[in-house]
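Chain residues, written in single-letter form:
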Amino acid sequence: MGFRMELLIKLAALSLCVSAVTALLKKSDEALSLLLLLAAVLVGCALLLPALSELFDFCERALSLTDLPLTLFVPVVKVTAIALVARFSCALCADAGQSALSSLLAAAGTLCALVCALPLMEALLEMVEGFL
């Protein structure tokens, strides 16, 4: 619990500091402001890697204890990754003033997530067919 709270505090501090600096930079150098924002997002993602590792360890343990097929967990992980990438990308495009690109990325993220979730939907259909 302490690790997660410490991580959140670090990310909040990083976000607030970068937000303040980019607000000041935006007036004089918008490109540099956007690059700083992108760098902060990358640093934030790097800070989240240990938590992601913890999540993967849990999934691995759940798989070993339940004997559920890996094909049920992989789409969930992929959809989560797609959602995160799409959300960050949309926000960066919106910050750069590119709302059309942001909307395109949101639609693409939704479509990609649905396609990645197809194996889960197919497994559900097979289960329903088995009951009929």
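Residues numbered from 1 in each chain as written. Predicted model: local features only at pLDDT ≥ 70, side-chain atom pairs only at ≥ 80, totals over all residues. Heavy atoms only, no water.

Let us now look at the overall build of the protein chain. A count of helical and extended segments in the protein chain gives 5 helices and 0 strands. The order of α-helices and β-strands along the protein chain, N terminus first, is α-α-α-α-α. At 19 Å, the protein chain has a C-alpha radius of gyration far larger than the 14 Å of a compact globule built from 132 residues. Expressed along its principal axes, the backbone C-alpha trace of the protein chain runs to roughly 65 × 40 × 15 Å. The proportion of buried residues among the 132 residues of the protein chain is 16%. For the protein chain, the proportion of contacts with a sequence separation of at least 24, taken over those separated by at least 6, is 58%. Accessible surface computed for the protein chain: about 9,700 Å², of which carbon and sulfur atoms make up 75%. (Helix = DSSP H or I, 4+ residues; strand = E, 2+ residues; numbered from the N terminus. Rg over C-alpha atoms; globule rule 2.2 N^0.38 Å. Buried < 20%, exposed > 50% of the residue type's maximum accessible area, 1.4 Å probe, protein only. Contact = heavy atoms within 4.5 Å. Areas by Shrake-Rupley, 256 points an atom, 1.4 Å probe, with all protein chains shown as cover.)

Before going further, it helps to examine the environment of threonine 110. Note on placement: threonine 110 falls in helix H4 (residues 99-116). Take threonine 110: its relative accessible area is 48%, and that puts it in the partly exposed class. The spatial distance from the C-alpha of threonine 110 to the C-alpha of valine 77 is 15 Å, given a sequence separation of 33 residues.

Tracing the backbone through its elements, the reader meets serine 33 in helix H2 (residues 30-66). In this structure, serine 33 is in contact with Thr22, Leu25 and Lys26, ignoring residues within four places of it in sequence.

Another point: helix H3 (residues 70-95). Spanning 26 residues, H3 covers 38 Å between terminal C-alpha atoms, matching the ideal 38 Å at 1.5 Å per step. Tucked into the core, H3 has its buried residues touching H2, H4 and helix H5 (118-131). (Expected span 1.5 Å × (residues − 1).)

Here we take up the packing of H3 against H4. Two elements in contact, H3 and H4, have axes whose closest approach is 8 Å; the angle formed by their N-to-C orientations is 180°. Between H3 and H4, the interaxial angle falls into the category roughly antiparallel. Contacts between H3 and H4 involve Pro75, Lys78, Val79, Ile82, Ala86, Ser89, Cys90, Cys93 and Ala94 from the former and Leu101, Ser102, Leu105, Ala106, Gly109, Cys112, Ala113 and Cys116 from the latter. Class assignment of the residues belonging to the contact of H3 with H4 gives a composition of 13 nonpolar, 3 polar and 1 charged. (Axes fitted to C-alpha atoms, helices over the stretch in contact; angles between N-to-C directions. Parallel < 35°, antiparallel > 145°, perpendicular 65-115°, else oblique. Nonpolar A, V, L, I, M, F, W, Y, C, P; charged D, E, K, R; others polar.)

Turning our attention to H2. Its 37 residues place the ends of H2 52 Å apart at the C-alpha level, agreeing with the 54 Å of an ideal helix rising 1.5 Å per residue. At leucine 49, H2 is deflected by roughly 40°, the largest bend along its length, and proline proline 50 occurs up to four residues later in sequence. Of the positions making up H2, those classed as buried are Ser33, Leu37, Ala40, Gly44, Cys59, Ala62 and Leu63. Downstream of H2 by one or two residues, aspartate 67 has phi in the positive range, about 60°. (Bend = angle between axes of the 7 residues up to and from the residue.)

With that out of the way, let us pick up the state of the cysteines. According to the stated counting rule, one finds 0 disulfides in the structure shown. Among the cysteines around cysteine 45, which has no disulfide bond, cysteine 90 carries the closest sulfur, lying 14 Å off. With no disulfide of its own, cysteine 93 lies 6.9 Å from the sulfur of cysteine 90, the closest cysteine sulfur. With relative accessibility at 17%, the residue cysteine 93 sits in the buried group. (Disulfide = S-S within 2.5 Å.)

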